Amino acid sequence: MRVPLSWLAEYVDLPGDATPDSVMAELVKIGLEEEGSHSFGVSGPVVVGQVLEFTPEEQSNGKTIRWCQVRVAAEGMKAADGGDDVRGIVCGASNFEVGDKVVVCLPGAVLPGDFHITPRKTYGHVSDGMMASARELNLNDDHAGIIRLHELGLDPKVGTDALEVLNLNEKAAEVNVTPDRGYCFSIRGIAREYSHATGSDFRDPIGNVHPEAGHGFSLKIDDQSPIREKIGSERFVLRTVKGVDAKRPTPPWMVARLKLAGMRSISLIVDITNYAMLELGQPIHAYDLDKIQGGMVVRRAKAGEVLVTLDGQERKLHPEDLVIADDSGAIGLAGVMGGLSTEVSETTVNVLIEAAHFEPISIARTARRHKLPSEASKRFERGVDSNIAEFAAGRVVQLLEVQALGTADSLGADFRSHRAAAPIWLPADFASGLVGVDYTAKEIVDTLTLIGCVVASVDGGFEVIPPTWRPDLRHKTDLVEEVARITGYDRIPTRLPVAPPGRGLTASQRHRRSVITALANSGHVEVLNYPFVSAQQNTWFAASTDTARVRLANPMQGDLNEMRTSILPGLMDALRRNIARGLTDVAIFEEGSVFIPAPPVKVNPGLPAGDARPTDAQLQALASTIPVQPKRIAGVFAGNRVAQQVGVSAVETTYQDAIQAARVVVRSVGLDLVVRQASPAGFHPGRTAELSVSTAAGTFVLGYAGELDPKLTSENDLPRRVSAFEIDLSQLYAVAPKVIQAGALGVMPAATQDLSLLVPSSVPAADLQAAITEGAGPLLERIVLVDDYRGANLPEGQKSLTFALRFRAEDRTLTQVEASEARDSAVFLASERFGASLRA
């Protein structure tokens, strides 16, 4: 929220030397976050000038300029920069006449973008200044011509400081408003918070408005539904102003405040509604009364209904969208954006003003569904004061009467169905026990009263009714947070908790640390992605497209409406972003949960109301409906593993890097990886391995590693060759030893031999290696596959697998004969199982 200081000063006293930084420093004390300061970026001598004469001059490039004589100070007086009172200025605009008063930037002035004004020779003249447009002064984007002050309703004296005339010396502070503090999206809310922080008197702006109820306009709220607790609008106010002059300019002070608050000036009527919204926090919408057909209905959209919104886009409405309609159909998305058919324009004479309170969740869903965030929806979805609609409508009426010369009319409507807030019970000792500060009863009552609560002291505590502008206050802990915030966080003592003895990390936590540390130490970079994916992404690595998945009822982004069943889609998105930004050599990994739907469980846990704790049976019933969330780890690799250097050629990543990364994961928890060829969904059918581990309890498949399917990488704008792995950590941790015991160091000499076997091409190398290991017996210390040859000089359908063997005895020097006998035993078993034979 951007807060112009002069606007803030109307409702709370600011020191004479207040700056955006000093204001933000006070607001930070009570929990708002400092963002930055803003100004128009204009400084130096900028004055009101008057065009005395000009001469059009056509240039060789076809452009016509005007050589102007402009008075920039009273006759015979020095100008603001110390120079003559009449200046020669070259101007390319043609929208002004002799006698017009304009804004002149004299030499020494600095415009936005650090643009310095100096006398300069151009088009055969020395231009001693510049006549400015609105865009050049950062007022708006209008660059069609220079500012003519009489068009703004201004007639200042020549030589007057134009920065003051146009309010360009205004400054604003910007604070970040957290989702639970929606009332701070207004000058009213920020002024109240500044008052809490400094003790300055707060003057509520609604005190300047005396609203009158309208009547006679047909209004119906038609939103009864058994699936919703509340109707879409519990407060709806309509007021009418007739005979407005919509062509009148928005006053410069209003334009300046809107601009500093982050909104552009559009037209007088729209600017007034935006101004009232920023001031009071209540979104307002203005309709051209003469374009409305019949009465007005607030209802849910009909099936197949469409609406062209103010941005010119046709929206296909959803049955859950709350709309404003007349006899012609929907004319606005409630709380989000109005419709084009009833838009106010320069021809508008009679204005219908709408100020309503809409149910926050409904507005938030509509804005996200249509990807249409707006200043109105931003406020409604965080909660708007349910008691301010009539004052906001009255404020707009007031401004339209003064600025647009309209006349308030009695035509209107007023619907109210808002339920009063229920009291919150706050035990007397609860705040002190929760925060650790000894708050007195008077401190608690005074603080809660200060923020607008109605507090009644009863035996043992307080009954507190929160103010209508604080819908976030729903529980006693919320009240305690306010007490701590207003009285000062610095009073809360700092105490380090004492860890209970005899506790430490669980086995799973130790394994997790080992896995992530091992991958990071081996050169991989950890990333973190959202677990939300599209339905299509969830099918990429699924064995079947019919696999059950967890769908989101209210996704943050419309197309990302499912929870992931694999970590790889998110990593592929991260890889694409990195490559698009020039990082072509990537090795990233992520550890996190995937979400597998639990079997449908029809259980009504019957949760207790109030502060009572659920029973174990109720908690178990709830837990049975939560998706299974196993932990997984995955990585993707692209580009080069070794970068090209002097004397070193680049080495491209392959599926072997993915397998090696998986091996690092498994070894970090004390197990050895078993690799077999496989063809899972999403991977290259010939360059992918199944990953498993063998323990005394059996063999367990953990996941896959290899190259991704080239078709999949092409569809995602990735390089053709991308390698990846994914491992089920929950399964791995379950079979991993709780404590990793280091093996004994061999001190006796080892005997090494190579073994080359011919086997059918269909025999997996892992299975052959297992047979060799079993056949060689306990003397075999290490076996590694070092070559897989398929080509000339081999029988058709055969391949040659070469293993490096290392034999060692723990208690003696092993002889070559013993090693050969162990090797021969291994060959015999391999021959028996797979028909293997020694390769000559």
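Before going into details, it helps to say that this report is about the structure given with it. (Residues numbered from 1 in each chain as written. Predicted model: local features only at pLDDT ≥ 70, side-chain atom pairs only at ≥ 80, totals over all residues. Heavy atoms only, no water.)

1. Regarding the overall build of the protein
- Each helix and strand in the protein was counted, giving 20 helices and 42 strands.
- Taken against the 2.2 N^0.38 rule, which gives 28 Å for 840 residues, the C-alpha radius of gyration of the protein at 38 Å runs more than 25% over that of a compact globule.
- With respect to the three principal axes, the spread of C-alpha positions in the protein is 115 × 85 × 60 Å.
- A burial count over the protein gives 47% of its 840 residues as buried.
- Long-range pairs, those at least 24 residues apart, make up 71% of the contacts in the protein with a sequence separation of at least 6.
- Counting every atom, the protein has about 41100 Å² of accessible surface; 50% of that belongs to carbon and sulfur.
- A distance of 4 Å separates the average location of the 84 positive side-chain charges in the protein from that of its 104 negative side-chain charges. (Helix = DSSP H or I, 4+ residues; strand = E, 2+ residues; numbered from the N terminus. Rg over C-alpha atoms; globule rule 2.2 N^0.38 Å. Buried < 20%, exposed > 50% of the residue type's maximum accessible area, 1.4 Å probe, protein only. Contact = heavy atoms within 4.5 Å. Areas by Shrake-Rupley, 256 points an atom, 1.4 Å probe, with all protein chains shown as cover. Lys, Arg positive; Asp, Glu negative; His and termini not counted. Charge placed at Lys NZ, Arg CZ, Asp CG, Glu CD.)

2. Concerning the nonpolar core
- Ranked by size, the top nonpolar core spans 55 residues in total, and within it M1, I190, I269, I353 and L400 carry the most contacts.
- Beyond its immediate stretch of four places on either side in the chain, M1 contacts A173, E174, V175, V177, C184, F185, S186, I187, I190, L278 and R379.
- Judged by nonpolar contacts, the second largest core, of 32 residues, contains I221, L289, I331 and A356. (Core = buried A, V, L, I, M, F, W, Y, C linked by side-chain atoms within 4.5 Å.)

3. Remarks on the sheet that holds strand β40 (residues 780-789)
- Spatially, four strands are ordered β40-β41-β39-β42 in an open sheet, and the strand pairing comes out antiparallel. With partners counted over all chains shown, the strands left at the sheet margins are β40 and β42 (837-838), one partner each.
- By the bridge criterion, eight bridges tie β40 to strand β41 (residues 798-807) in an arrangement that is antiparallel. Bridge assignment links I783 to a residue of β41, and that residue is L805.
- On top of the sheet, helix α19 (residues 765-776) reaches β39 (751-760), β40 and β41; it is set at about 40 degrees to β41, its chief contact. (Pairing = 2+ DSSP bridges. Axes fitted to C-alpha atoms, helices over the stretch in contact; angles between N-to-C directions.)

4. Some words on the packing of helix α2 (residues 20-28) against helix α4 (residues 187-198)
- The interhelical angle for the contact between α2 and α4, taken along N-to-C directions, is 75 degrees, at an axis separation of 8 Å. In this view, α2 runs roughly perpendicular relative to α4, as classed from their interaxial angle. Residues V23, E26 and L27 of α2 form the contact with α4, whose participating residues are I190, E193, Y194, A197 and T198.
- Its residues assigned to classes, the contact of α2 with α4 comprises five nonpolar, one polar and two charged. (Parallel < 35°, antiparallel > 145°, perpendicular 65-115°, else oblique. Nonpolar A, V, L, I, M, F, W, Y, C, P; charged D, E, K, R; others polar.)

5. Structural notes on the pattern of salt bridges
- This structure, assessed with the given rule, holds 49 salt bridges.
- The partner of R576 in a salt bridge is D573, with the nearest N and O atoms 2.8 Å apart. Placement of both R576 and D573 in helix α14 (residues 568-580) is noted, with a separation of three residues, approximately one turn of the helix.
- Relative accessible area serves as the criterion here: at 26%, R576 is assigned to the partly exposed category. (Salt bridge = Lys/Arg side-chain N within 4 Å of Asp/Glu carboxyl O.)

6. Focus: the packing of aromatic side chains
- Summed over the entire model, instances satisfying the criterion amount to eight aromatic pairs.
- Where W253 meets Y275, the ring centres are 5.5 Å apart and the plane angle is 80 degrees; that geometry is what we call edge-to-face. You can see W253 sitting in helix α5 (residues 252-260) and its partner Y275 sitting in helix α6 (residues 268-280), a full 22 residues away along the chain.
- Note on W253: relative accessible area 29%, which makes it partly exposed.
- The cationic tip of R192 hangs over the ring face of W469; the distance from NZ or CZ to the ring centre is 3.9 Å.
- Sitting above the plane of the F430 ring, K476 keeps its charged end 4.4 Å from the centroid. (Phe/Tyr/Trp six-rings, centres within 6.5 Å; stacked < 30°, edge-to-face > 60°. Lys NZ or Arg CZ within 6 Å of the ring centre and 35° of its normal.)

7. Digging into the environment of R823
- Within the fold, R823 resides in helix α20 (residues 816-834).
- Residue class for R823 comes out partly exposed when judged on its relative accessible area of 22%.
- Linking R823 and R369, residues 454 residues apart in sequence, is a C-alpha distance of 68 Å.

8. A few points about the sheet that holds strand β17 (residues 296-300)
- Read across the open sheet, the five strands follow the order β14-β17-β20-β21-β22; overall the sheet is mixed. Among the strands making up the open sheet, the edge pair consists of β14 (219-222) and β22 (337-338).
- For β14 and β17, the ladder comprises four bridges, and the chain directions are parallel. Opposite K220, over in β17, you have V297 as the bridge partner.

9. Quick notes on the state of the cysteines
- Taken as a whole and assessed by the stated rule, the structure comprises zero disulfides.
- Its sulfur unpaired, C68 is 5.5 Å from the next cysteine sulfur, which belongs to C91. (Disulfide = S-S within 2.5 Å.)

10. Observations concerning the pairing of strand β15 (residues 233-242)
- The element β15 is extensively covered by neighbouring structure, given that nine of its ten residues are classed as buried.
- Where β15 and strand β23 (residues 351-358) come together, eight bridges link them in antiparallel fashion. Bridge assignment links R239 to a residue of β23, and that residue is I353.
- Pairing of β15 with strand β24 (residues 407-416) involves seven bridges; the strand directions are antiparallel. Counterpart to L238 in the pairing with β24 is A413.

11. Things to note about a negative patch on the surface
- On the surface, D21, E33, E34 and E35 cluster together to form a negatively charged patch.
- Take the negative patch: its biggest share by element is three residues, from strand β2 (residues 33-39).
- Along the polypeptide, E35 turns up in strand β2.
- A residue is classified by how much of its surface remains accessible, and E35, at 47% relative accessible area, is partly exposed. (Patch = residues over 30% accessible without salt bridge, like charges linked within 9 Å, V, L, I, M, F, W, Y side chains within 5 Å.)

12. Topic: a nonpolar patch on the surface
- Nonpolar side chains collect at one region of the surface, where V308, L310 and L340 lie side by side and expose about 190 Å² of accessible area between them.
- Within the secondary structure layout, L340 lies in the loop between β22 and β23.
- By relative accessible area, which is 34% here, L340 ends up partly exposed.

13. Observations concerning α20
- Over its 19 residues, α20 runs 26 Å from end to end, which matches the ideal 27 Å to within 8%, given 1.5 Å per residue.
- A819, A822, A826, V827, L829 and A830 are the residues of α20 that are buried. Taken around the axis of α20, the buried residues stretch over an arc of 165 degrees, which confines them to a single face. Summarising the geometry of α20, the exposed residues directed more than 90 degrees from the buried face are V817, F828 and E832. (Expected span 1.5 Å × (residues − 1). Arc of directions from axis to C-beta.)

14. Quick word on the packing of helix α13 (residues 507-521) against helix α16 (residues 655-667)
- Remark: α13 packs on α16, axes separated minimally by 8 Å, with the N-to-C direction vectors making an angle of 140 degrees. The two elements α13 and α16 meet at a crossing, and its hand is right-handed. In this structure, α13 contributes V515, A518 and L519 to the contact, and α16 contributes A661, V664 and V665. (Left-handed = near helix turned anticlockwise from the far one by under 90°.)

Interpretation note: all reported values are geometric properties and have no functional meaning in isolation.
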